[in-house]
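Each chain, letter by letter, is given below.
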Amino acid sequence: YADKARQEKVLRLLPESLATPRGASLVSSHITDLLKWFKSDFFKWTDSPFCEKCSVKATKNEGLIEPFKEESLYGANRVES
């Protein structure tokens, strides 16, 4: 949250109608509008993600497996296969 470059990047994602001028305080109605946008427009639920590697849409969870070495470096104990 303290990284100014990341803050700018995130602010560019917001629709202009939801942008808050710098230094302005957020009011509860504005926060509610931001939450509605975040939950309904920014993120989309998906039960079956599209695989970019093989172009298959019907991917599914096959269970948990041991993490690769790189995943373990970042604290993973198990990953989805």
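Given the structure is predicted, the values throughout are model-derived calculations rather than measurements.

**Student:** I tried to follow the overall build of the protein chain on my own but got confused; where do I start?
**Tutor:** Helix and strand content of the protein chain: three helices and two strands. Starting at the N terminus and ending at the C terminus, the protein chain contains elements arranged as α-α-β-α-β. A globule of 81 residues ought to have a C-alpha radius of gyration of about 12 Å, yet the protein chain, at 19 Å, is considerably larger. Taking the principal axes of the C-alpha coordinates as reference, the protein chain spans close to 50 × 30 × 20 Å. Of all 81 residues assigned to the protein chain, the portion counted as buried reaches 9%.

**Student:** Can you walk me through helix α2 (residues 28-42) in this structure?
**Tutor:** Residues separated by three or four positions in an α-helix point in the same direction, a consequence of the helix having 3.6 residues per turn. For α2, with 15 residues, the first-to-last C-alpha span of 20 Å sits near the 21 Å given by 1.5 Å per residue. Buried within α2 are the following residues: His 30, Leu 34 and Trp 37. Looking down the long axis of α2, one finds its buried residues gathered within 65 degrees of arc, a one-sided arrangement. Projecting away from the buried face of α2 at angles above 90 degrees are the exposed residues Ser 28, Lys 36 and Lys 39. Buried-residue contacts for α2 involve α1 (4-13).

**Student:** I would appreciate a short explanation of a nonpolar patch on the surface in the present structure.
**Tutor:** A cluster of nonpolar residues, Leu 13, Phe 38, Phe 42 and Phe 43, forms a patch on the protein surface that exposes about 390 Å² of accessible area. Look at Phe 42 and you get partly exposed, because its relative accessible area is 36%.

**Student:** It is not clear to me how the packing of aromatic side chains should be interpreted in this structure. Could you clarify?
**Tutor:** Note on aromatic pairs: each is described by the distance of the centres and the angle between the planes. This structure, assessed with the given rule, holds four aromatic pairs. Summarising the aromatic geometry, the rings of Phe 38 and Phe 42 are spaced 5.6 Å apart at their centres and angled 15 degrees between planes, so their arrangement reads as stacked. Of this pair, Phe 38 and Phe 42 are both found in helix α2, four residues apart, which corresponds to roughly one turn of the helix. On the numbers, 4.9 Å between centres and 80 degrees between planes, the contact of Phe 38 with Phe 43 is edge-to-face. Phe 38 gets classed as partly exposed once you look at its relative accessible area, which sits at 38%. Note on Phe 43: relative accessible area 47%, which makes it partly exposed. What links up through ring pairs into an aromatic cluster is the set Trp 37, Phe 38, Phe 42 and Phe 43.

What counts as what
Residues numbered from 1 in each chain as written. Predicted model: local features only at pLDDT ≥ 70, side-chain atom pairs only at ≥ 80, totals over all residues. Heavy atoms only, no water. Helix = DSSP H or I, 4+ residues; strand = E, 2+ residues; numbered from the N terminus. Rg over C-alpha atoms; globule rule 2.2 N^0.38 Å. Buried < 20%, exposed > 50% of the residue type's maximum accessible area, 1.4 Å probe, protein only. Expected span 1.5 Å × (residues − 1). Arc of directions from axis to C-beta. Contact = heavy atoms within 4.5 Å. Patch = residues over 30% accessible without salt bridge, like charges linked within 9 Å, V, L, I, M, F, W, Y side chains within 5 Å. Areas by Shrake-Rupley, 256 points an atom, 1.4 Å probe, with all protein chains shown as cover. Salt bridge = Lys/Arg side-chain N within 4 Å of Asp/Glu carboxyl O. Phe/Tyr/Trp six-rings, centres within 6.5 Å; stacked < 30°, edge-to-face > 60°.

Function cannot be inferred from these measures alone, as they are strictly geometric.
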